[in-house]
Amino acid sequence: MFSTWWFTGPSQTPPHQRRLLTPTGNSARASLSHLTPVRKPEEPERRVLFAMIGLTLGIFALDLFIPLGIAIPLLYLIPLGLTLRLPQRTAPVAVATICTVLTGLGIVYSPPGAFEIGFMNRCLAVLVFWITAALLLQYKRLEEERDRFFTLSLDMLCIAKSDGYFKRVSPAFTQTLGWSTEEMLTRPFLDFVHPDDRPATLREVEKQVVTGEKVLQFENRYRHKDGSWHTLSWKSVPQPDGT
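Residues numbered from 1 in each chain as written. Predicted model: local features only at pLDDT ≥ 70, side-chain atom pairs only at ≥ 80, totals over all residues. Heavy atoms only, no water.

1. Brief notes about the overall build of the protein
Tallying secondary structure elements over the protein gives 8 helices and 6 strands in all. In the protein, 60% of the contacts between residues at least 6 apart in sequence involve partners at least 24 apart. A total of about 13,200 Å² of accessible surface is found on the protein, and carbon and sulfur atoms cover 64% of it. (Helix = DSSP H or I, 4+ residues; strand = E, 2+ residues; numbered from the N terminus. Contact = heavy atoms within 4.5 Å. Areas by Shrake-Rupley, 256 points an atom, 1.4 Å probe, with all protein chains shown as cover.)

If you want it as structure tokens, here you go:
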């Protein structure tokens, strides 16, 4: 479960005029001091790529030795779905093309007398591939628009995980507080809150977790890297999915 924070004041305004939308869901607990760092994105992307290659080759081999009609070609939907975990927008098209070629090659190895049925089944499977690829492309396009808004916005924006760590922070966020992106992602967000404000911050977060109430205004102090304290006023609207 992830919690989304939106800082809605321009980064050029004084600290006391900046507004922050707080984490929702199970975003902070008393055990925040025992949290683990966020994993770097490159590692899971490599694992997804290797898994896609292995699955695709495995499904093709299975299709050569155990022709099960449409069941085998539809297994290619698994590596196709994994493209959601890759940053490249055209990944669904590339994988759909590969799956189409491999599905066509399977026709060559169809058992005698089963060519017509196998051909129709594989044509149906290919249609499903490209419908799925089109939907994945649309999803990635919307994701890119969200990311572009996040990156280019002058407002302070961030996404926080339920373990109390930031998953992502916008450039305006790091410019305002002086910390690098890596520093913000590898420390619990409470580390940046003034010690005197931590109990009140946890109470506000718990109020959202337990009752799902909106937080329309709450102020606490965040530490700048130079040691100064910036007062931030923040708001939050809990979402049904816990974000």
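2. Describing helix H4 (residues 91-108)
Helical geometry note: an α-helix holds 3.6 residues per turn, so side chains three or four residues apart project in the same direction. Taking 1.5 Å of rise per residue, 18 residues should cover 26 Å, and H4 covers 27 Å from first to last C-alpha, within 8% of that figure. The complete set of buried residues in H4 reads Ala-91, Pro-92, Val-95, Ala-96, Cys-99, Leu-102, Thr-103, Gly-106 and Ile-107. Considered in projection along H4, the buried side chains sweep an arc of 160 degrees and stay on one side of the axis. (Expected span 1.5 Å × (residues − 1). Buried < 20%, exposed > 50% of the residue type's maximum accessible area, 1.4 Å probe, protein only. Arc of directions from axis to C-beta.)

3. Describing the pairing of strand S6 (residues 229-236)
Both strand S5 (residues 215-223) and S6 contribute to a ladder of 7 bridges, which runs antiparallel. Bridged to Asn-220 within S6 is Leu-232. The turn linking S5 back onto S6 is made up of 5 residues, and Gly-227 within it adopts a positive phi angle of 100 degrees. (Pairing = 2+ DSSP bridges.)

4. Some remarks on helix H8 (residues 198-211)
With 14 residues, H8 should cover 20 Å at 1.5 Å per step; its first-to-last C-alpha distance of 20 Å lies within 8% of that length. Listing the buried residues of H8 in full gives Ala-200, Thr-201, Glu-204, Val-205 and Gln-208. On an axial view of H8, the arc spanned by its buried residues comes to 135 degrees, and they lie on one face. Turned more than 90 degrees away from the buried face of H8 sit Arg-203 and Val-210, all of them exposed.

5. A look at the pattern of salt bridges
Two side chains bearing opposite charge may form a pair once their charged atoms approach each other closely. Evaluated as defined, the whole model comprises 7 salt bridges. The closest approach of N and O atoms between Arg-187 and Asp-191, which form a salt bridge, is 3.7 Å. The shortest N-O distance in the salt bridge between Arg-221 and Asp-197 comes to 2.9 Å. Of this pair, Arg-221 sits in strand S5 while Asp-197 sits in the loop between helix H7 (181-185) and H8, placing them 24 residues apart in sequence. Arg-221 sits in the partly exposed class, given a relative accessible area of 28%. Because the salt bridges share partners, they merge into one network encompassing Arg-146, Asp-147 and Arg-168. (Salt bridge = Lys/Arg side-chain N within 4 Å of Asp/Glu carboxyl O.)

6. A look at the environment of Tyr-222
The topology assignment puts Tyr-222 in strand S5. Relative accessible area serves as the criterion here: at 1%, Tyr-222 is assigned to the buried category.

7. Observations regarding the packing of aromatic side chains
Tallying each qualifying case throughout the model produces 4 aromatic pairs. Here Tyr-76 and Phe-129 contribute two aromatic rings whose centre-to-centre distance is 6.0 Å and whose plane-to-plane angle is 85 degrees, an arrangement assigned as edge-to-face. Remark: Phe-129 occurs in helix H5 (residues 115-152) and Tyr-76 occurs in the loop between helix H2 (71-74) and helix H3 (77-81); sequence separation between them is 53 residues. Classification of Tyr-76 by relative accessible area gives buried; the value is 0%. When the centroid spacing of 5.3 Å and the interplanar angle of 65 degrees are considered together, the rings of Trp-179 and Phe-192 count as edge-to-face. On the criterion of sequence distance, the pair formed by Trp-179 in the loop between helix H6 (171-177) and H7 and Phe-192 in the loop between H7 and H8 is long-range, its members being 13 residues apart. Phe-192 carries the same exposure label as Trp-179, and that label is buried. (Phe/Tyr/Trp six-rings, centres within 6.5 Å; stacked < 30°, edge-to-face > 60°.)

8. Describing a nonpolar patch on the surface
A grouping of Leu-55, Leu-62, Phe-65, Ile-66, Leu-75 and Ile-78 is seen on the molecular surface, where their side chains present a nonpolar patch of about 520 Å² in accessible area. Ranked by residues supplied to the nonpolar patch, first place goes to helix H1 (residues 42-65) with 3 residues. With respect to the helices and strands, the residue Phe-65 is situated in helix H1. Owing to a relative accessible area of 70%, Phe-65 belongs among the exposed residues under this scheme. (Patch = residues over 30% accessible without salt bridge, like charges linked within 9 Å, V, L, I, M, F, W, Y side chains within 5 Å.)

9. Quick word on the side chain of Thr-174
Its place among the elements puts Thr-174 in helix H6. When sequence neighbours within four positions are dropped, the list of residues in contact with Thr-174 reads Val-169, Trp-179, Ser-180, Thr-181 and Met-184.

10. Quick look at the confidence of the model for the protein
The predicted coordinates ought not to be read in detail in places where the model reports low pLDDT. Summarising the model, the protein shows a mean pLDDT of 75, and 73% of its residues fall at 70 or more. Across the protein, the secondary-structure element scoring lowest on mean pLDDT is strand S2 (residues 19-21), at 39, and the one scoring highest is H7, at 90. (pLDDT = per-residue confidence, 0-100.)

11. Points about the side chain of Thr-56
With respect to the helices and strands, the residue Thr-56 is situated in helix H1. With relative accessibility at 11%, the residue Thr-56 sits in the buried group. Discounting chain neighbours no more than four positions away, the residues touching Thr-56 are Tyr-76, Pro-79, Ile-98 and Leu-102.

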